[in-house]
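# Chain and residue survey
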Amino acid sequence: MRINGLPHRISINTRLLRISSKSRNFKWAASGSAITTSILAYYYFNEKRHSNELSPDHFIPYKITYNDEIDSEHFMLELTPARPQKIDWWKAMSSGKLWSIEIKQPEIMVVRNYTPLPLEHVGNGQIRTFPEGSFKDGKLFFYLKKYKHGEVARWLSKLPEGHTVELRGPYVDYEMPSQSISSSAGKVKDRVSYDVVTFTAGTGIAPVAQMLLTNKAHFGRVLMLHSCGARQELGPLQPLLEEAQNNKRIQLHYYESRHGRDIRKIPYEVLALLPTPYSAESAPVEENSASTVNPILALVCGPDSYINTVAGPKYGLLQGPIQGILAQRSWNNSNVYKLS
Ligand SMILES: Cc1cc2nc3c(=O)[nH]c(=O)nc-3n(C[C@H](O)[C@H](O)[C@H](O)COP(=O)(O)OP(=O)(O)OC[C@H]3O[C@@H](n4cnc5c(N)ncnc54)[C@H](O)[C@@H]3O)c2cc1C
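Because the structure is predicted, anything quoted here is derived from the model rather than measured. (Residues numbered from 1 in each chain as written. Predicted model: local features only at pLDDT ≥ 70, side-chain atom pairs only at ≥ 80, totals over all residues. Heavy atoms only, no water.)

## Observations concerning the packing of aromatic side chains
Worth spelling out the cut-off: Aromatic rings from Phe, Tyr and Trp, with only the six-membered ring used for Trp, were paired whenever their centres fell within 6.5 Å, and each pair was classed as stacked if the ring planes differed by under 30 degrees, edge-to-face if by over 60, and tilted otherwise. Under the scheme used here, helices are H or I runs from DSSP no shorter than 4 residues and strands are E runs no shorter than 2 residues, and both carry numbers assigned from the N terminus. Each residue is assigned to one of three classes by its accessible area relative to the maximum for its type, calculated with a 1.4 Å probe on protein chains only: buried under 20%, partly exposed between the two thresholds, exposed over 50%. In our convention, an over-ring charge means Lys NZ or Arg CZ found within 6 Å of a ring centre and within 35 degrees of that ring's normal.
Overall, the coordinates contain three aromatic pairs when judged by the stated rule. Ring centres of Trp 90 and Phe 130 lie 6.5 Å apart, and the angle between their planes is 85°; this geometry places the pair in the edge-to-face category. Placement of the pair is Trp 90 in helix 2 (residues 89–92) and Phe 130 in the loop between strand 6 (127–129) and strand 7 (140–145), with a sequence separation of 40 residues. A relative accessible area of 10% means that Trp 90 is categorised as buried. One aromatic cluster is present, formed by Trp 90, Trp 99 and Phe 130 through successive ring pairs. Positioned above the aromatic ring of Phe 59 is the side chain of Lys 104, whose terminal nitrogen or guanidinium carbon lies 4.5 Å from the ring centre.

See below:
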């Protein structure tokens, strides 16, 4: 019986199994397709949400919301993302990182890097820094130079407000090195901030302006030596630099070639201003009242010929040897960085 009954039970069970496995198959298929649909929907919407965010992987649209000439060679550009951004890159990049984005010129399919500043146009040509803690949903501001035969900046300078351009990024161009010191108890710790000397020419001032306006906690005072035709070509950056100078955050020296003050003609004046490099150990730790700048690091940014005069040649992505003015005051590859 048991033997006879066995196949029967088996067959009943098999049938049940088959029925139940059929319905289970159906359920599996139904729930499987629901899961697949949810996964696809998740990826689709996630991808869509992320594709609205600034990323080095794809271009996203920004509207020109301000485009104004400073003089015949310099202009300002404010770009507002077509969709408000969720990521606050100013916060993400705050620990001593200098960054840029790329703008695409679609007609000739080339891109160029530009350095965003946390500034905005508030009407009637008035430019101000972002209110504390705000990133204005991803708005970006640029200080630009157009070259007579240059492709991208010249094209940008002519675009009307309301026009859409495509951006990707951000790209970290430089990260300020952390500097360690030994405390009296013999413990090694990072210096919270340190002084910097910067040599800039023309729009090469943009990374330093970015650093001044955003990385407030990371560095102490800045000895700034800026070369330009005349300081008026800085447009809205000029009053911001004056304010930083009044607050004793920077010591700013202009070298205006239109007034005969090209650093190549007056190197002795630059050498008299430039201290020899301090080390993290030897530079006094943060004394806001002190009037001297004790730089540990030198940053150089400008056209190739300018970089050559100040710090020796840069070979593409390679830093090259430290020569020129900085070498004459004993600066070297361990404490000088030539930005692009
Ligand atoms: C990280 C980074 C950040 C930057 N940030 C800024 C910024 O904030 N602001 C800014 O203004 N720039 C910035 N730049 C520079 C910017 O990327 C461009 O290099 C600049 O705008 C010039 O590009 P262009 O297409 O207008 O000119 P290009 O076409 O690249 O021309 C540049 C120069 O070459 C000359 N030239 C072009 N074609 C010829 C030719 N056939 N023969 C001889 N000479 C020629 C032009 O006259 C011009 O002097 C940054 C660069 C980097 C790498």
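More follows now that the structure is in view.
## Some thoughts on the nonpolar core
As a rule of thumb, nonpolar side chains are buried together in soluble globular proteins. Using the following cut-off: Joining through side-chain atoms within 4.5 Å is the link that ties buried Ala, Val, Leu, Ile, Met, Phe, Trp, Tyr and Cys residues into a set, and such a set is a nonpolar core. Where each domain begins and ends is defined by an automated method or by a domain database. Note on definitions: a residue-residue contact is assigned when non-hydrogen atoms from the two residues lie within 4.5 Å.
Counting residues in each nonpolar core, the largest one holds 37 residues, and the members touching the most others are Met 224 and Leu 241. Those elements that provide at least two residues to this core are strand 7, helix 4 (206–214), strand 12 (222–228), helix 5 (237–246), strand 13 (250–256) and strand 14 (295–301). A total of five residues in this core trace back to one element, the largest contributor, which is helix 4. Residues from two domains meet in this core; each of domain 1 (60–175) and domain 2 (188–338) gives at least three. Discounting residues that sit within four places of it in the chain, Met 224 has contacts with Thr 198, Ile 205, Val 208, Leu 212, Leu 241, Ile 250, Gln 251, Leu 252 and His 253.

## Considerations on the pairing of strand 13
For a regular strand, side-chain orientation follows a simple rule: the groups alternate between the two sheet faces. Formally: DSSP-based pairing: two strands are paired if at least 2 bridges between them are found. By convention a crossover is right-handed if, when the strands point away from the viewer, the path from the first strand over the helix to the second runs clockwise.
Counting buried residues in strand 13 gives five out of seven residues, a clear majority hidden from the surface. Examined bridge by bridge, strand 12 and strand 13 share seven bridges and lie parallel to one another. Within the sheet, the bridge partner assigned to Met 224 lies in strand 13 and is Leu 252. Handedness of the strand 12-helix 5-strand 13 crossover: right-handed.

## Some points on the side chain of Glu 53
The cut-off we apply is this: Positive charges come from Lys and Arg alone, negative charges from Asp and Glu alone, with His and the N- and C-terminal ends not counted. Salt bridge, as used here, is a side-chain nitrogen of Lys or Arg placed within 4 Å of a carboxyl oxygen of Asp or Glu. Pairs of N or O atoms within 3.5 Å make up the polar contacts considered here, provided that, within protein, one atom can donate a hydrogen while the other can accept it, and that residues adjacent in sequence are counted only when both atoms are side-chain atoms.
Inspection of the secondary structure puts Glu 53 in the loop between helix 1 (2–51) and strand 1 (60–69). Despite its burial, Glu 53 pairs with no opposite charge, the nearest such side chain being Lys 86 at 4.7 Å. Separated by 3.0 Å, the side chain of Glu 53 and the backbone nitrogen of Ile 87 make a polar contact. Excluding anything up to four places from it in sequence, Glu 53 contacts His 58, Ile 60, Pro 84, Gln 85, Lys 86 and Ile 87.

## Description of the site of the ligand
The criterion, for reference: A single heavy atom is enough: if one lies within 4 Å of a molecule or strand, its residue is considered near that molecule or strand. Method for areas: the Shrake-Rupley scheme with a 1.4 Å probe, in which residue coverage is limited to the protein chains shown. We call Asp, Glu, Lys and Arg charged. Ala, Val, Leu, Ile, Met, Phe, Trp, Tyr, Cys and Pro are nonpolar, and the rest, Gly among them, are polar.
Around the ligand, the surrounding shell holds 18 residues, and the nearest of these are Arg 112, Asn 113, Tyr 114, Thr 115 and Val 152. In this structure, a nitrogen atom belonging to the ligand sits 2.9 Å away from a main-chain N or O atom of Tyr 143. Separating an oxygen atom of the ligand from a backbone N or O atom of Val 152 is a distance of 2.8 Å. Notes on the ligand: free accessible area 970 Å², of which the protein chains cover 61%. The set of elements that each furnish at least two residues to the shell around the ligand consists of strand 4 (110–114), strand 7 and helix 3 (152–157). Looking at the shell around the ligand residue by residue, the classes come out as seven nonpolar, seven polar and four charged.

## What about the pattern of salt bridges?
When their charged atoms lie close together, side chains carrying opposite charge are able to pair. Tallying each qualifying case throughout the model produces 14 salt bridges. As a salt-bridge pair, Glu 120 and Lys 136 come within 3.5 Å of each other at their nearest N and O atoms. Of the two residues, Glu 120 sits in strand 5 (residues 119–121) while Lys 136 sits in the loop between strand 6 and strand 7, which places them 16 residues apart along the sequence. Glu 120 sits in the buried class, given a relative accessible area of 3%. The exposure class assigned to Lys 136 is partly exposed, which follows from its relative accessible area of 30%. Between Asp 262 and Arg 264 there is a salt bridge, and its shortest N-O distance comes to 2.9 Å. Arg 264 sits in the exposed class, given a relative accessible area of 56%. One salt-bridge network, in which partners are shared between bridges, spans Glu 78, Glu 120, Arg 128, Lys 136 and Lys 139.

## What to know about the sheet that holds strand 8 (residues 164–175)
Basically, it comes down to this: Axes here mean lines fitted to C-alpha atoms, for a helix over just the part in contact, with angles spanning 0 to 180 degrees between N-to-C directions.
Read across the sheet, six strands follow the order 4-3-8-1-2-7 without closing on themselves; strand pairing throughout is antiparallel. One side of each edge strand has no neighbouring strand; the edge strands of this open sheet are strand 4 and strand 7. Taking the axes of each pair of neighbouring strands and ignoring which way they run, one obtains an average angle of 40° across the sheet. Taken together, the six bridges between strand 2 (residues 74–81) and strand 7 define a ladder with antiparallel strand orientation.

## Points about the UniProt feature "binding site: FAD" (unreviewed entry) in the protein
The condition that has to hold: UniProt positions are given in the numbering used here, feature names are shortened, and annotations may be inferred rather than shown by experiment.
When the UniProt feature table is mapped onto this chain numbering, "binding site: FAD" (unreviewed entry) sits at Arg 112, Tyr 114, Lys 145 and Val 152. What stands out for the annotated residues spanning 41 residues is how close their C-alpha atoms remain, the widest pair being 12.4 Å apart. Relative to the helices and strands, Tyr 114 resides in strand 4. Once residues lying within four places of it in the same chain are set aside, the contact partners of Tyr 114 are Ser 100, Ile 101, Ile 103, Phe 142, Leu 144, Val 152, Ala 153 and Leu 156. Structurally, Val 152 can be placed in helix 3. What makes Val 152 buried here is its relative accessible area of 1%. In this structure Val 152 touches Gln 105, Val 110, Arg 112 and Tyr 114, once residues within four positions along its chain are discounted.

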